[in-house]
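# Structural features, examined
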Amino acid sequence: AGIATETNTYSAFPTGLSAFEMNRGKDPVATAFRPHLERWAADEGHTLVFGLTIFAQPAGATVRSAWEALRDELLADLQAAMPVDAVVLPLHGAMVAVGCDDCEGELIERVRAIVGPRVPIGVELDLHCHFTERMRRHADILVAYKEYPHTDALARLAEVWRLTLDTAAGRIRPVTAVADCRMVGLWHTTREPMMGFVRRMQALEGQGGVLSVNFGHGFPFADVPEAGAKVWVVTNDDLPGAQALADELARELFAMRDETRSLPMTVAAALDAVQAAPPGQPLVLADVADNAGGGASNDSTFILAALRERGIGNVAIGPIWDIGAVQICRESGVGSTLMLRVGGKCGPTSGQPVDLPATVRAIKEDHTQSLAGLAHFDCGPSAWVQTAEGIDLVLISIRHQGYGTDLFTGLGIDLAAKRAIVVKSTQHFHAAFAPLAQQVLYVDTPGLLRSDFEHMDYRRRSLNVWPRVEDPWNGPAGGTATDTKCA
């Protein structure tokens, strides 16, 4: 069972019950992962009971009544299944509700109260989680994704499954130690030195009683006390060894801080690169700040406006969340040309709406896109429109970031022929789009997911972190966070 969302505490979009209900039965655990879980259980003669598994697109804090209703539904499912021998919870780790900074910690604690001290609880976390003491205290196994983009979600779920069942059988006695890296950032595992660090974590597992090694990047767009980059190590009954290894790896990560820092380029520099690029494969531009997967609106117009100002055509942009524009295109029909107002609907970080003549090239009532072949996301009624400059826009009705190339090709857009592809995503696009690109560029815009972490307006989490403080271990502290609150 699991309840998952990622909360951007700076987002103006509250996450209500409908944001979860629209995805009921559509999350990866209930769809793509369920056959694997059922096979694993059948192979070993176990009885598997599914409780509530549900997720919501990242946005602002979850409405308290929604959190409590979903929490209580999951707990009721567990009560109905009792007695159980083990519990596996695929969660996120960065869910915040009104009145509760640590939803996952509260949920695990309540599950523990139902199953008692001897039933193992295994938890899968997104690597952008906030690893909290409440989680550590009440769960037996905590495992995070290692890859960003998250191409290893199923592999990590298999790891949680195996370790949890081994705990239930008495084959292992897991203990967990954590080390705070005192850093805020985003770490792409698609390039060195992070690729090598992931391999190092994996090589340590299975050696000397080490069961699992994890680097939780933290979610930098959440202002909660226990947020931040952390390493935790799970060993078989060796807490001093776990602590020593966690501390060692945290120091290694801190030593790599300058090499691993990702600083997006300006829109102007990115478009200079597009204009200078040789013909052939397209350039892929990631609009990192306007990413629904981090709580943004996914309707900003900064890059679109700059492309039109320079007269750059043969470019595809998507997805742009604009329910009104999609409906107008549906009314107008395929083949029609009209004046269309696009984007810029949701506030200052969306930019200004762009008014442009556009031809409706395709309409799809049930458009979807895929992520790493594991999950399919419903974009709702969607439209492909083409501007007079030859800019192809993918307009969607259900807010999502860009995951797969089928976001474009599913509407008939030929990506291989494009000069550039602009994807509204921070990193999850990479697995699908990088093979098409002569170069991948990360582009900064005035969106909600800003990249200057040294200037983030943190009020509740520690300010004694890099890059705000050059040396948070020995230099002057930048401030302290308040206590975690949770009902």
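One can find the structure itself at the top, above this paragraph.
In this report, we go over the structure that sits alongside the text. (Residues numbered from 1 in each chain as written. Predicted model: local features only at pLDDT ≥ 70, side-chain atom pairs only at ≥ 80, totals over all residues. Heavy atoms only, no water.)

What follows deals with the overall build of the protein chain. Helices and strands together make up the secondary structure of the protein chain, namely 14 helices and 16 strands. Relative to the globule expectation of 23 Å for 487 residues, the C-alpha radius of gyration of the protein chain, 23 Å, shows essentially globular dimensions. Projected onto its principal axes, the C-alpha coordinates of the protein chain cover approximately 65 × 50 × 40 Å. Burial statistics for the protein chain: of 487 residues in total, 58% are counted as buried. (Helix = DSSP H or I, 4+ residues; strand = E, 2+ residues; numbered from the N terminus. Rg over C-alpha atoms; globule rule 2.2 N^0.38 Å. Buried < 20%, exposed > 50% of the residue type's maximum accessible area, 1.4 Å probe, protein only.)

For the rest of this paragraph, the subject is the nonpolar core. Ranked by internal contacts, the top residues of the largest apolar core, which has 72 residues, are Ile 3, Val 87, Val 111, Val 115, Val 123 and Leu 125. Secondary structure elements with two or more residues in this core: helix H2 (34-43), helix H3 (64-81), strand S3 (87-90), helix H4 (103-115), strand S4 (121-125), strand S5 (141-144), helix H6 (153-168) and strand S8 (230-236). Sequence-distant contacts of Ile 3, that is, excluding residues within four places in its chain, are made with Phe 20, Leu 52, Ile 54, Trp 67, Leu 70, Arg 71, Leu 74, Pro 90, Leu 91 and Met 95. Counting residues in each nonpolar core, the second largest holds 33 residues, with Leu 271, Leu 307, Leu 356 and Val 385 among its members. (Core = buried A, V, L, I, M, F, W, Y, C linked by side-chain atoms within 4.5 Å. Contact = heavy atoms within 4.5 Å.)

The full count for this structure, using the stated rule, is 13 aromatic pairs. Centre to centre, the rings of Phe 219 and Phe 221 are 5.5 Å apart; their planes meet at 75 degrees, and the pair counts as edge-to-face. Among the aromatic residues, ring-to-ring pairing joins Phe 408, Phe 429, Phe 433 and Tyr 442 into one connected group. Cation over ring: Arg 399 sits above Phe 13, and NZ or CZ is 5.2 Å from the ring centre. Positioned above the aromatic ring of Tyr 458, the side-chain terminus of Arg 461 is 4.4 Å from the ring centre. (Phe/Tyr/Trp six-rings, centres within 6.5 Å; stacked < 30°, edge-to-face > 60°. Lys NZ or Arg CZ within 6 Å of the ring centre and 35° of its normal.)

Where helix H7 (residues 194-204) contacts helix H8 (residues 239-255), the axes come no closer than 12 Å and their chain directions differ by 170 degrees. Taken as axis vectors, H7 and H8 run roughly antiparallel relative to one another. Along the contact surface, H7 presents Met 194, Phe 197, Arg 200 and Leu 204, while H8 presents Leu 245, Glu 248, Leu 249, Glu 252 and Leu 253. By residue class, the composition of the contact of H7 with H8 is six nonpolar, no polar and three charged. (Axes fitted to C-alpha atoms, helices over the stretch in contact; angles between N-to-C directions. Parallel < 35°, antiparallel > 145°, perpendicular 65-115°, else oblique. Nonpolar A, V, L, I, M, F, W, Y, C, P; charged D, E, K, R; others polar.)

The strand order across the open sheet formed by eight strands is S11-S12-S13-S14-S10-S15-S9-S16, and the pairing between neighbours is mixed. The open sheet has two free edges, formed respectively by strand S11 (337-342) and strand S16 (439-443), since each of these has just one partner strand. Sheet twist, expressed as the average angle between the axes of neighbouring strands with direction ignored, equals 30 degrees. Bridge count for strand S12 (residues 354-371) against strand S13 (residues 375-387) is eleven bridges, and the pairing is antiparallel. Bridging across to S13, Leu 371 finds its partner in Ala 375. Against the sheet, helix H10 (residues 267-276) touches strand S9 (283-287), strand S15 (420-423) and S16, its axis set at about 165 degrees to S9. Packing against the sheet, helix H11 (residues 302-310) makes contact with S9, strand S10 (315-321), S11, S12, strand S14 (391-396), S15 and S16, and its axis sits at approximately 135 degrees to S12. (Pairing = 2+ DSSP bridges.)

At their nearest, the axes of H2 and H6 sit 11 Å apart, and the two run at 30 degrees to each other. Regarding the angle of H2 to H6, the classification is roughly parallel. For the crossing formed where H2 meets H6, the hand is right-handed. Taking contact as the criterion, the partners of His 36, Leu 37, Trp 40 and Ala 41 in H2 are, on H6, Leu 154, Leu 157, Ala 158 and Trp 161. Residues that form the contact of H2 with H6 fall into these classes: seven nonpolar, one polar and no charged. (Left-handed = near helix turned anticlockwise from the far one by under 90°.)

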